[in-house]
Amino acid sequence: MHQQPSSQAMVVVADSSMVDGPSGSRPSTPSLVPSKKRKVASNLEASPAPNDPNNPSTAANVALPTRNDFFSRPRLTISRCPTFPDTSVAYHTTEQLAMNRIGFRYVPAGVSPPGSALPCRTIESLPTSYRVSWEDRSSFVKVTPDGLGLIGERGFRSARCNAPVREGKWYMEVRVEDGGGDRSTHAPDINMCQGSHVRLGWARREAPLNAPVGLDAYSYGYRDNNGDKVYLSRPRPYGRPFRSGDVIGMYISLPPRYKPDPRDNHDPAHIRRERIAIEFKGQEYFESLEYPQSKEMTALMDFSNKSSNTASLPSASSNKKAASTKNLPERGARPGQVPEAPILRPLPTLPDSCITFFVNGECQGIAFEDLFDYLPLRTTPASRKKEKDKKRAREGAPREHKENLFDDGTLGYYPFISLFNYARVHLNPGPNFDFPPPPDIDSVLKDTDHNVNQAQTWRPICERYPEFMKEQWDLDDEEEEQAALEAAKRAEVEKTEAQKKAQRERSRQQTEARKRAKKNAELRGSSVASTQVPATEPAVPTDDRLGLSVLITSTERGVDQMHSPAPTAASSGDFNHVPEVESGYNSEVIEGDGEEEQHDGFAADVDHHDDDDDDDDDEVFREAASPYRKSRTQNNNSSVMDIDLEDLL
């Protein structure tokens, strides 16, 4: 049973400010966020990496450093996997690989150079030539180290090659070593009832790996036991059968690739890649969602939906009904009500496309023509609205996989090899073939006159691999440039937001400063008011003449000598300097006439002073005496005298 190894898979978040070398400033290490659905290994095992031919400093058996130091890892151009340590066996399982499984696809990746906006780039695996894909095959299909020899196990298991055909005319050969119903020489069980079988053909990305070619509408196959062609699991007579030792030539012709409309943003011909860099057993990979099978292509498997002009296809019997859930009444449906058929999108085809097979150099004719287009079906407005709602719900969440509605650059038709009961084959991508086809295969297929000396119109499929890798690296450069522009835009937006935030912070600080200043001013005002109005007023004589004489004397001698508006010991000293006048604060109360004489003497002194002063003194006297009189009027029954210093000045 196919099992995906449970190992760590880290989502890599890149830092665009990478600096290489020990002397440079160390960039912030990107975070490696564990995926929620993956198990994280406790440690990293040694990685038996092959030597990188473009990086002589990278040696074999390089173990990755800690995950927190991602950018210190070796920057490889060749994948570390697979390795074949056991040379005693011819076919290997390559368990250390991240192999494609249902719904997910993996491509080897390497750490990007310093200063890159993206964390990883597409890299190659050894050998760097056209062969079977290490990742895009069933785990039950074993391979040779050169990627050209394959052997299966019980049940049909399939494998795709490592580069698709997207346009043009291509040819390759497959030698059948064990097949055609013969008993396999590598079968461990000699009591098997059935022999080994081989099916060869071409398939798209959506074709399942644990099934034979021709199972559905995504693949076209050719059977060994009777020479039938197979499509939608329906065999049809085609050519001669083939057995062990035969060489099968596979030819495909596709029209020029459709160019996307730049004004149409929903054109599926636009190339966009949806992939996330992960780590698997010490090797970086790009993980992406596999293209799902559309309901339109799946509906082709339903025989009852076929039109009357498809007489060659088997149709369902009208007299018998299969015991399946399709014949059960739909829940909630009224009796006699026919359920509404779903609206299916049209299935575009590739005009002038065809697939042809050769057996030991003998052309078997056109097996399939007008193949279905390998691009995704165009989305409908309703599906786009649903996807927009999902995207809105995902905003702010960690990055996750999403279905790619466009071409990712790897779509096309792949050579597809299906093996049953330990069948064995050997691939020959060219350029030297055992049975070279004619220079112009199309003229042979159309029974037109052709010249033997005519230029060759087809190409060996071995030339497809370097073209495909160049296409992938060009896409890497485009994505890197786009990511750099987006990073610059984000930096500009962040700078603008930081400036706005700083401006708001300054405004907030200024507002708080004004509030604090206002509050402090109010506190100082209340403090000054409390100091200007004492809680306890000093006692003063009840005679008006005494208060006026004190005020006059203070006015004459200057403000510098008045330390306090209230009478104190110093004030009494000032009154003692007046000739023949004794301060009322220092003298005791004299009963009878003595008290009257003391007051009369004080009053006389005041009268003598008024006679000598001019008009200015009278004005000063009135101004200084007014607050005292006011206070005296308000506190008529009190013995406290309140003289305001400011009013006095």
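Chemist: Could you give an account of the overall build of the protein chain, with specific residues and numbers?
Modeler: Counting its secondary structure elements, the protein chain contains nine helices and 21 strands. Here the protein chain holds 649 residues, and the buried ones make up 41% of them. Of the contacts formed within the protein chain by residues at least 6 apart in sequence, a portion of 71% connects residues at least 24 apart. For the protein chain, the accessible area works out to roughly 36500 Å², and carbon and sulfur atoms hold 51% of it.

Chemist: Describe the side chain of Arg223, listing the residues and the values that go with them.
Modeler: Topologically, Arg223 is positioned in strand E11 (residues 219-223). In this structure, Arg223 is buried with no salt-bridge partner, the nearest side chain bearing the opposite charge being Asp228 at 4.3 Å. Ignoring anything within four residues of it in the chain, the contact list for Arg223 reads Val198, Arg199, Asp228, Val230, Pro235 and Phe242.

Chemist: Go over the pattern of salt bridges, please, and point to the residues and values.
Modeler: The tally for this structure, following the rule as stated, stands at 29 salt bridges. Between Asp434 and Arg175 there is a salt bridge, with the nearest N and O atoms lying 2.7 Å from each other. Taken as a pair, Asp434 in the loop between strand E20 (424-428) and helix H3 (441-445) and Arg175 in strand E9 (residues 168-178) lie far apart in primary sequence, 259 residues in all. When its relative accessible area of 33% is taken as the criterion, Arg175 is described as partly exposed. Of the charged contacts in the structure, one is a salt bridge between Glu362 and Arg240, with a shortest N-O distance of 3.7 Å.

Chemist: Help me get a handle on the confidence of the model for the protein chain, residues and values and all.
Modeler: Here the protein chain shows a mean pLDDT of 74. Residues at 70 or above account for 61%. Note that pLDDT drops below 50 for residues 306-326; the model gives that stretch 14 contacts with residues more than four away or on any other chain. Note that pLDDT drops below 50 for residues 392-397; the model gives that stretch three contacts with residues more than four away or on any other chain.

Chemist: Outline the sheet that holds E11, listing residues and values.
Modeler: The seven strands are arranged E5-E8-E19-E10-E11-E12-E13 in an open sheet whose pairing can be described as antiparallel. Both edges of this open sheet fall to strand E5 (132-137) and strand E13 (234-236), since each of them pairs with a single strand only. Between one strand and the next, the sheet's axes are offset by a mean angle of 30 degrees, whatever the strand orientation. Note: strand E12 (residues 229-231) against E13, three bridges, orientation antiparallel. Directly across from Tyr231, in E13, lies its bridge partner Arg234.

Chemist: Describe the environment of Glu287, and please don't skip the residues or the numbers.
Modeler: Summarising the element assignment, Glu287 is placed in strand E16 (residues 283-289). The sequence separation of Glu287 and Tyr106 amounts to 181 residues, and the corresponding C-alpha distance is 4.8 Å. There is a polar contact of 2.8 Å between the side chain of Glu287 and the side chain of Tyr106.

Chemist: Which residues make up the sheet that holds E16, and what values do they have?
Modeler: Taken together, the four strands give an open sheet; going across it, the order is E4-E3-E16-E15, and neighbouring strands pair in antiparallel fashion. The open sheet has two edge strands, strand E4 (120-122) and strand E15 (276-280), and neither has a second partner. Put simply, the sheet's adjacent strands are angled 50 degrees from each other on average, direction ignored. Here strand E3 (residues 104-111) runs beside E16; their pairing, made up of five bridges, is antiparallel. Paired with Pro108 across the bridge in E16 is Tyr285.

Chemist: Quick rundown of the nonpolar core? Include the residues and the values.
Modeler: By size, the foremost hydrophobic cluster in this structure holds 71 residues, and its most contacted members are Leu150, Ile252, Tyr413 and Leu427. If you look at the next biggest cluster of nonpolar residues, it comprises eight residues, including Tyr251, Phe433, Ile441 and Leu445.

Chemist: Which residues make up the packing of aromatic side chains, and what values do they have?
Modeler: Enumeration according to the criterion identifies 16 aromatic pairs in this entry. For the ring pair Tyr171 and Phe358, a centre distance of 5.8 Å and an interplane angle of 80 degrees mean the geometry is edge-to-face. With Tyr171 in strand E9 and Phe358 in strand E17 (residues 354-359), this residue pair connects regions lying 187 residues apart in the sequence. As far as the burial class goes, Tyr171 and Phe358 line up, both buried. Grouped by ring-pair contacts, the aromatic residues Tyr220, Tyr231, Phe368, Tyr374 and Tyr413 constitute a single cluster. Here the guanidinium or amino end of Lys229 rests over the ring plane of Phe368, the centre of that ring lying 5.5 Å away.

Cut-offs used in this document
Here the residue index of a chain counts from 1 through its sequence in written order. Predicted model: local features are reported for residues with pLDDT of at least 70 only, side-chain atom pairs are reported and counted for 80 or more only, and whole-chain, interface and lining totals are derived from all residues. Excluded from the side-chain calculations are hydrogens and water; all other atoms, namely the structure's heavy atoms, are used. Only runs of H or I of at least four residues qualify as helices and only runs of E of at least two qualify as strands under DSSP, and these elements are numbered from the N terminus. Exposure categories follow from relative accessible area, calculated using a 1.4 Å probe and restricted to protein chains: below 20% of the type maximum is buried, above 50% is exposed, and the middle band is partly exposed. Here, two residues are considered to be in contact whenever any of their heavy atoms come within 4.5 Å of each other. Accessibility throughout is a Shrake-Rupley quantity obtained with a 1.4 Å probe, and a residue counts as covered only by protein chains that appear here. When charges are counted, Lys and Arg contribute as positive and Asp and Glu as negative, whereas His and the chain ends are disregarded. Take a side-chain nitrogen of Lys or Arg and a carboxyl oxygen of Asp or Glu: if they are within 4 Å of each other, that pair is a salt bridge. The predictor's confidence in any single residue is recorded as pLDDT, a number from 0 to 100. A pair of strands is labelled paired if DSSP reports no fewer than 2 bridges between them. Only the contacting stretch of a helix is used when fitting its axis, a line to C-alpha atoms as for every element, and angles between N-to-C directions run 0 to 180 degrees. In the analysis that follows, any N or O atom pair within 3.5 Å is treated as a polar contact, provided that within protein one partner can donate a hydrogen and the other can accept it, and provided that, for residues neighboring in sequence, both atoms belong to side chains. Put simply, a nonpolar core is a bunch of buried Ala, Val, Leu, Ile, Met, Phe, Trp, Tyr and Cys residues held in one set by side-chain atoms that sit within 4.5 Å of each other. Under the pairing criterion, centres of Phe, Tyr and Trp rings, with the six-membered ring standing for Trp, must be within 6.5 Å; the plane angle then separates stacked pairs below 30 degrees from edge-to-face pairs above 60, leaving the rest tilted. Over a ring means this: the NZ of a Lys or the CZ of an Arg is within 6 Å of the ring centre and within 35 degrees of the ring normal.

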